[in-house]
Amino acid sequence: MKQIVLVFSFLLVVTVQSLAVTIQGLAKDAQTGEELIGASVFIKEYPQIGSTTGLDGTFVLKNVPEDKAVTLICSYISYQTQEKIVKPSSASQIVFGMRPSAMELEGVTVIASADKSTDNSARAMEKNSASVLNIVSAKSIEISPDLNVANVLQRVSGVTMQRDNSGEAQYAILRGMDKRYNYTLVNGVKIPSPDNKNRYVPLNIFPSELLDRLEVTKSLTADMEGDATGGAINMVMKDAPNQFSLQANLATGYSTMFMDRDYAHFDRGGVTMTAPREAFGADYAASTNDFGEGTSSISYKTPLPNVVGGISLGNRFFDRKFGVVLAGSYQSLNKGTNSVFFSDNMNYTESTVRVTSHKDREYSEQQVQYGVHAKMDYRFNEYHKLEWYNAFIGMRNAQVRETVSTDFSLNYAPEKGNLQQGLETRSMLTKQQIFASTLQGQHTLTERFSLDWSAVYSDAKNKTPDRTYINLENQRTNYVDYITADNAERRWEHNSDRDLAGYLNLTYQQNMGFADMELKAGGMYRDKDRSNKYVSYHFTPAASTRPVLGTDFNSLNEIEWKISAPKGSVGPLDYDAGEKIGAAYWMGKLENTKGHVIVGVRAEHTDQTYFMYFPNAGDDPNGGQQYWDFLPSVHFKYTPVSNMNIRASYYRSINRPGFFEIVPYSILNEDYQEYGNPDLKRAKIDNFDVRWEMFPKPTEQFMVGFFYKNIKDPIEEAYYTVNSRQSGYGPANLGNAKNYGVEIDVIKYVRNFGIKANYTYTHSKITTPKTIYYKDDNGQMQAREDVMQSRPLVNQAPHMANVSLLYKDTKYGWDAQLAAAYTGKKIVIASHFLDSDYWEDGAFSLDLSAEKRFNCGLSIFLKANNLLDTASRRYIPTTNTYNAKFDMQDIDSGKTLIREDRYGRTFLLGFRFKM
């Protein structure tokens, strides 16, 4: 009997299963067509049968009885709930066209607008844009492993990043064009740089959580400033929400670098913030009592955990006419770098290189980043709107760099315990700040005329007070160290960059029957002032003989010094610079359902000036450049079907010399001599773009693009010979160059899984003279010849790829992303000598992020970076001819290692709250 019951139960289950069917469907915005991710769908008669829509907006309901019609209910935040009656046995794919909720406010009907920070909106803006554009949405930024704008930007096609000494991405290289060929905007307005010599902006000082989206424009229209060749980076900051919103996050983590070694730090409270020369006047003779011991008081400890936090809140008032959003961010990160560094004396013999010393360096750094963002807007009516945006972004770095340098040529016999070493400790405090305030107006004057304007004040500051170098010398004999104090230097440097700018645009619109016509004209004016101050003091031991470690001192702050030049040393880094740029443009556009045509021309006038307070002998303290540029552009977009675009564009751009590059200076830096170039010319670039775009679904894309750039008089930082006995770095126009490449972007979602991938191939070529030395039969240097050699542009990698694997389960609140990036080898320093450019090896990195959300608005998240502990390696592609006892030479590939940096892995665990 028991067996019969079991058989009957089995047959019953099979029968029920055979009578059950699966219902599939899609939820989307009825107005925009955007798929809705995370919408709830369930059966009214069987509430236990339900699901949520995936990354592609689809849902699947399984085991639905087919014997009778059922009611499907779809609901989503800020949208009206919908119901559909379907018959399971004959139901095809069900589509819910969701409409935004409507509210009555004092007789005015307000329709809730869709969220513009989503991936859906980003794809729609890319599709409808006037030019070649890539966008990273706030939603993508939030779930990514990236904490700042620089790290986010490296996920965009055609973008590689130049990193600082801590391994942090800092400057963007777009389409193989060095950082100098790109510019940075905040809400469409240029911002100044805190850099003491250049105009490009370090992107790692901007916390990513303050962004609403990140835009990268790769082809310019006439209404954009004309000095972006690689592209323009626009950080669109958070806007006021339609209803009260509160978001907060807090996280903590650690770097694995400090699991293997201690963290070195100095006493920041004892830093002398102002140089005696600036505090008491140029004639003041400083004494050692004027200098604090903070930067020489080095101690070692286990660092505190990293801390990252942020908060934002916003709302609209007065019948939603007045909107306010306030946001703040704070990050305190402890970073470490272990570096191996080899120096060469630049005496080359044919295709070989001589390496003269080996350095082991350890960096310990606390990086504190903070940002405050405030935006207010007032909508008088549908015709007039004002916006006032303010941002204050800052970063404070406290870094200790400890170097042990071994000289290969002086008494070098390590197998006998004999060698000579230099021991250097550098303590450095750096403070950077950017403040920007922008008042903007948008006005519809008539049915056809509209006007928009911007008034901008911005200021950038950089301070490096009391940068201290203390040098010891170790004479090791028979394995016994004898360490003495050698010399010290303390530097003060600070600069400010102030911008006043105004923008005005007038637009006329007219329907021509076959197309909509838009005529646009306007202009801008910017007045920039830059001031840079520098003073240094040099020290030698106070005693007639060098003090000895263990006998005369036990720590660096116990060394007694005397000042070599009590009034301090000044030089070319004391300067003022100015730049006045005026521009006017005209642009016309014809657009219909099949595409658009945009033509325009922009005229820009540049007036650069400088004044050196302490020029080198024979140099004119005053100088500058003035010139006009006329920059045409034309853009075509053809839309054969609604989800496909074919684009083609041309525009001319320029690259201006930096403020300090045209100053005829000569500066001895830590590892090289640096020179200015008063004859430096601006580069002129002709840019061509073609891109095919397909958007299979509102959240998906497949794009293939080709670009070509012809560069006249490119500006590069190069290592060259000034005369027969002096070599150094400096900016130079190095002939003409060509740069072309292909970009591929793919975004695809299938239910809970997705992939974002891009690949860029870039090829550039520039031919420059290279020096080669010859020896006679006796091995003596007798002659030098210059030969022509072709190479890629500096910082241009031929291969770049990004792949992100995504997982999203809205029903259970899970998000995860595994992000991989590859950057091919590239030249980082162009040498004047044959086959001796400095290359950076290709590198592959892997990052991970995950988040679990709960119904109360709380979520926990994990971010893990540099999971593979990827090293940065620089090399010269020739064979080392001096001392092969160090593991610095790759015999098979013929490379000589110059530098290797390792940064460790970092992990961050935290929570996020949204209301």
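Throughout what follows, the structure given in this document is the object of discussion.

What counts as what
- Residues numbered from 1 in each chain as written.
- Predicted model: local features only at pLDDT ≥ 70, side-chain atom pairs only at ≥ 80, totals over all residues.
- Heavy atoms only, no water.
- Helix = DSSP H or I, 4+ residues; strand = E, 2+ residues; numbered from the N terminus.
- Polar contact = N/O pair within 3.5 Å; in protein donor to acceptor, adjacent residues only side chain to side chain.
- Core = buried A, V, L, I, M, F, W, Y, C linked by side-chain atoms within 4.5 Å.
- Buried < 20%, exposed > 50% of the residue type's maximum accessible area, 1.4 Å probe, protein only.
- Contact = heavy atoms within 4.5 Å.
- Pairing = 2+ DSSP bridges.
- Salt bridge = Lys/Arg side-chain N within 4 Å of Asp/Glu carboxyl O.
- 1 Å grid on protein atoms, 1.4 Å probe; cavity = no way out; pocket = protein on both sides within 12 Å on 5 of 7 lines; lining within 4 Å.
- Points joined across faces, edges and corners; volume = space filled by probe spheres on them.
- Nonpolar A, V, L, I, M, F, W, Y, C, P; charged D, E, K, R; others polar.

Describing the side chain of Arg 361
Within the secondary structure, Arg 361 is located in strand 23 (residues 355–381). A polar contact is formed between the side chain of Arg 361 and the side chain of Thr 403, at a distance of 3.2 Å.

Examining the nonpolar core
Among the nonpolar cores identified, the biggest contains 33 residues, and Leu 153, Met 161, Leu 203, Phe 206, Leu 214 and Met 235 are the most heavily contacted of them. At the level of secondary structure, the elements contributing two or more residues to this core comprise helix 4 (149–153), strand 11 (159–163), strand 12 (169–174), strand 15 (211–217), strand 16 (231–237), strand 24 (384–407) and strand 25 (419–444). Apart from the residues within four sequence positions on either side, Phe 206 is in contact with Asn 148, Val 149, Ile 191, Val 201, Met 235, Ile 393 and Ile 434.

Overview of the pairing of strand 49 (residues 872–876)
The pairing of strand 46 (residues 838–840) with strand 49 spans two bridges and is classified as antiparallel. Bridge assignment links Glu 840 to a residue of strand 49, and that residue is Arg 874. Inspection of the sheet shows strand 49 paired to strand 52 (residues 895–902) by five bridges, in the antiparallel sense. Looking at strand 52, one finds that Ile 876 is bridged to Thr 896.

Side note on the pairing of strand 44 (residues 814–823)
A regular strand places its side chains on the two faces of the sheet in alternate fashion. By the bridge criterion, 10 bridges tie strand 43 (residues 799–809) to strand 44 in an arrangement that is antiparallel. Each residue of the ladder has a partner; that of Lys 808, found in strand 44, is Asp 815. A loop of four residues connects strand 43 with strand 44, the two strands running antiparallel in sequence, and Gly 813 in this loop sits at a positive phi of about 80°. Pairing of strand 44 with strand 47 (residues 843–853) involves 10 bridges; the strand directions are antiparallel. Bridge assignment links Leu 818 to a residue of strand 47, and that residue is Leu 848.

Focus on the pattern of salt bridges
Applying the stated criterion across every chain yields a total of 52 salt bridges. Notably, a salt bridge pairs Asp 497 with Arg 530, separated by 2.6 Å at the nearest N-O pair. Of this pair, Asp 497 sits in strand 27 (residues 483–511) while Arg 530 sits in strand 28 (residues 516–541), and the two are 33 residues apart along the sequence. Classification of Asp 497 by relative accessible area gives buried; the value is 1%. A relative accessible area of 2% places Arg 530 in the buried class.

Observations concerning empty space enclosed by the protein
Here the structure, examined in full by the defined rule, presents 10 cavities of 30 Å³ or more. In this structure, the largest cavity encloses a volume near 360 Å³. For the largest cavity, the lining is made up of 27 residues, of which Ile 135, Val 136, Arg 155, Lys 756 and Asn 758 are closest to its centre. Residue assignment for the lining of the largest cavity shows that the elements contributing at least two residues are helix 2 (119–128), strand 10 (133–137), helix 3 (138–143), strand 40 (736–750), strand 41 (753–775) and strand 43. With four residues, strand 10 is the single largest residue contributor to the lining of the largest cavity. By residue class, the composition of the lining of the largest cavity is 10 nonpolar, 10 polar and seven charged. Roughly 230 Å³ of internal volume is contained in the second largest cavity. Lining the second largest cavity are 21 residues, and of these Tyr 183, Lys 190, Ile 191, Arg 199 and Asp 227 lie nearest its centre. Only strand 13 (182–186), strand 28 and strand 30 (575–592) provide two or more residues apiece to the lining of the second largest cavity. Among the residues making up the lining of the second largest cavity, the classes are represented as seven nonpolar, four polar and 10 charged.

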